[in-house]
Amino acid sequence: MEELPIRPAGILMQEEFITPEHEAELIRIFQNELEWPARSGRLSLHYGYTFSYKTFGVDTETPYKPFPDWLRALLPPAEPAPPDQVCLQHYPPGAGIPPHVDTHGAYDQLYALSLGAPVPMQFRGGEGHAETVDVELPPRSMVRLSGDARLHWTHSIRARKTDPLPGGGGGVRPRGHRWSITYRWIREGGECECGNERLCDTAQKRKGIEKEYRWKAATDAATTDTQGAVST
Ligand SMILES: O=C(O)CCC(=O)C(=O)O
Ligand SMILES: [Fe+2]
């Protein structure tokens, strides 16, 4: 995979990860053979361990779901172990995903395969968290987010029906149906050492514990003082 020569650092891409024929067959399976939730907007199906939107980690109450055959052929080949969690998402035209980082503590490296219509993914970070960079995700491309792009910049897809054409020459492109497959590996130990208190759940947790500890230490001291005062 080639790292894109842009900010944020750490976006690696392999275009044409599969053939257009393979892509068409996958989309046929997605449209005809899978049972999607009956609602509008972005839809998700989970394989392996299920992602919990409550804890933003692994859902321990849902049993492991084996990878179907079509998915087995699409695993990132450079990784020594298969992913622990795979999420297939369908974005109908107009659907997006709000700015976020995938939970640092729960998950290690992150890959995403794009199928169907192209879409710009927006990264935000850098100086004052105000830098935005649109990265075109072409169909059939596999992307790996590592380093800054994985940990210190958020990513999102805007919920809208048209996008400016890449290249900035003016003109717009209507959104089409897009599917993505996101691959995640559980981080050993469940804690991230990046220290980013704005974006890292581990750093936030540690800061919270520290705050709680300071509060507890302060109230303990106050209690001791009171008791001391009462006993004398
Ligand atoms: O659709 C994509 O390519 C990425 C989705 C994503 O960011 C996520 O599921 O965390
Ligand atoms: Fe994400």
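Criteria and cut-off values
- Residues numbered from 1 in each chain as written.
- Chains lettered and ligands numbered in written order.
- Predicted model: local features only at pLDDT ≥ 70, side-chain atom pairs only at ≥ 80, totals over all residues.
- Heavy atoms only, no water.
- pLDDT = per-residue confidence, 0-100.
- Contact = heavy atoms within 4.5 Å.
- Donors = N, O, S within 2.8 Å, 3.2 Å for Na, K, Ca; no water.
- Helix = DSSP H or I, 4+ residues; strand = E, 2+ residues; numbered from the N terminus.
- Patch = residues over 30% accessible without salt bridge, like charges linked within 9 Å, V, L, I, M, F, W, Y side chains within 5 Å.
- Areas by Shrake-Rupley, 256 points an atom, 1.4 Å probe, with all protein chains shown as cover.
- Salt bridge = Lys/Arg side-chain N within 4 Å of Asp/Glu carboxyl O.
- Buried < 20%, exposed > 50% of the residue type's maximum accessible area, 1.4 Å probe, protein only.

Trainee: Would you explain the confidence of the model for the chain in this entry?
Mentor: It should be kept in mind that the predicted coordinates are not to be read in detail where pLDDT is low. Residue-level pLDDT values for the chain average 90, and 93% of them are 70 or greater. In the model, residues 224–232 has pLDDT below 50 throughout and makes zero contacts with residues more than four positions away in sequence or in other chains.

Trainee: I tried to follow the coordination of the iron ion (ligand 2) on my own but got confused; where do I start?
Mentor: Octahedral six-donor coordination of a metal ideally yields angles of 90 or 180 degrees, compared with 109.5 degrees for tetrahedral four-donor coordination. Taken together, H100 (NE2), D102 (OD) and H155 (NE2) make up the protein donors of the iron ion (ligand 2), found 2.1 to 2.2 Å from the metal. Sequence spacing of the donors to the iron ion (ligand 2): H-x1-D-x52-H. With H100 in strand β5 (residues 97–100) and H155 in strand β10 (residues 154–157), this residue pair connects regions lying 55 residues apart in the sequence.

Trainee: Please explain a nonpolar patch on the surface as it appears in this structure.
Mentor: A surface patch of nonpolar side chains, amounting to about 270 Å² of accessible area, comprises Y49, Y64 and I186. Looking at the element boundaries, Y64 is found in the loop between β3 (43–48) and α2 (69–72). Take Y64: its relative accessible area is 41%, and that puts it in the partly exposed class.

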